[in-house]
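# A structural walkthrough
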Amino acid sequence: MDQFLGKYPKYRADLPENISRIHKKVYQNNREGVTVAASISQKMESWLHKMVAKDVVNSSANKDTLEIGAGTLNQLEYETGLGAYDICEPFVELYQNKKHLTKIRYKYKDLSEIPYSNMYDRITSVATLEHILDLPFVIAKSALHLNVNGKFRASIPSEGSFLWYFGWRFTTGLEFWIKYRLNYKHLIRYEHVNTYKEINDVLSFFYKKVNVKVYGISKSISFYQFYECSMPDLVKCKSHIDLYKNRFE
């Protein structure tokens, strides 16, 4: 198995105490676009949502979907397809009482809760993969829930690129400094444990076919990236899951 997988699972560095106290509130405000900078970011981030939903917009096909990291259910604003819609989201408080909650069939806190008999035509993720500590496990496990012609559709910020750095540095980061006199980079480093290069490597390892589109010029000069993955290497996926089980048994 490729050496780069050895860096997982990752661990988060401790947040400074003054930031830790407000972390949860700031995270939720950002997800809901409460502040001016967050609202501007959300408008730009609509590209992430639209790219993921592009395959089902105005489609009459019934496609069952699993969304990983559903958060506040804001992806449902863009999804117009038919079929069952399940979510995997550990922070239940993010989607409680949201208007799209009635559209959800099953709600899971962890992928390990999903029966292997549950299969999907689409597995989606919007601005989530950069947060996941054990990304190879999540990608391998979710791939085993794809139907034969199913697609894994994910969009991410181009974490690790200079354009993405300047993007948050002079919007959300600047607003955070003005409001709290604290450095937003601590939150970014705490939340974004995976760079776009690492995400690309993991997806390319477990999937035989990976198509990428960018919101910018190239992967290294972009704000966001979209991945459509198909034809998972089931041998690699199952081997990694077995390795994971052996490691923690």
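Before reading further, recall that the structure is shown in the block above.
### Quick notes on the overall build of the protein
A count of helical and extended segments in the protein gives 10 helices and 7 strands. In terms of overall dimensions, the protein is globule-like: its C-alpha atoms have a radius of gyration of 18 Å, near the 18 Å expected for 249 residues. When contacts within the protein are restricted to residue pairs at least 6 apart in sequence, long-range pairs at least 24 apart make up 69% of them. For the protein, the computed accessible surface area is about 12600 Å², with 54% contributed by carbon and sulfur atoms.

### Digging into the side chain of Ser142
With respect to the element layout, Ser142 can be found in helix H5 (residues 135-143). Reaching out from Ser142, the side chain makes a polar contact with the backbone oxygen of Ile139 at a distance of 3.1 Å. When sequence neighbours within four positions are dropped, the list of residues in contact with Ser142 reads Ile68, Leu111, Ile123 and Phe152.

### Things to note about the pairing of strand E4 (residues 120-126)
Among the 7 residues of E4, 6 are classified as buried, and the element is accordingly described as predominantly covered. When strand E1 (residues 65-68) meets E4, the two strands line up parallel, connected through 4 bridges. Paired with Thr65 across the two strands is Arg122, which belongs to E4. By the bridge criterion, 6 bridges tie E4 to strand E5 (residues 146-157) in an arrangement that is parallel. Bridging from a neighbouring strand, Arg122 pairs with Lys151 of E5.

### Some remarks on the environment of Phe226
Looking at the element boundaries, Phe226 is found in strand E7 (residues 222-232). We classify Phe226 as buried; its relative accessible area is 5%. Each residue touching Phe226, except ones within four places of it in the same chain, is listed here: Trp47, Met51, Val52, Arg153, Ala154, Ser155, Asn211, Val212 and Lys213.

### Focus: the pattern of salt bridges
By the definition in use, this model includes 9 salt bridges. Residue Asp86 pairs with Arg105 through a salt bridge whose shortest N-O separation is 2.8 Å. You can see Asp86 sitting in strand E2 (residues 85-88) and its partner Arg105 sitting in the loop between helix H4 (92-95) and strand E3 (107-108), a full 19 residues away along the chain. Look at Asp86 and you get buried, because its relative accessible area is 0%. Its relative accessible area of 38% is what places Arg105 among the partly exposed residues.

### Looking at the sheet that holds E4
Here we have 7 strands laid out as an open sheet, ordered E3-E2-E1-E4-E5-E7-E6, and mixed in their pairing. The open sheet has two edge strands, E3 and strand E6 (207-216), and neither has a second partner. With 4 bridges joining them, E1 and E2 adopt parallel strand pairing. Along E2, the bridge assignment pairs Glu67 with Ile87. Helix H6 (residues 162-169) contacts E5 and E7 of the sheet and is inclined by roughly 125° relative to E7. Packing against the sheet, helix H9 (residues 196-206) makes contact with E5, E6 and E7, and its axis sits at approximately 150° to E6.

Basis of the calculations
- Residues numbered from 1 in each chain as written.
- Predicted model: local features only at pLDDT ≥ 70, side-chain atom pairs only at ≥ 80, totals over all residues.
- Heavy atoms only, no water.
- Helix = DSSP H or I, 4+ residues; strand = E, 2+ residues; numbered from the N terminus.
- Rg over C-alpha atoms; globule rule 2.2 N^0.38 Å.
- Contact = heavy atoms within 4.5 Å.
- Areas by Shrake-Rupley, 256 points an atom, 1.4 Å probe, with all protein chains shown as cover.
- Polar contact = N/O pair within 3.5 Å; in protein donor to acceptor, adjacent residues only side chain to side chain.
- Buried < 20%, exposed > 50% of the residue type's maximum accessible area, 1.4 Å probe, protein only.
- Pairing = 2+ DSSP bridges.
- Salt bridge = Lys/Arg side-chain N within 4 Å of Asp/Glu carboxyl O.
- Axes fitted to C-alpha atoms, helices over the stretch in contact; angles between N-to-C directions.

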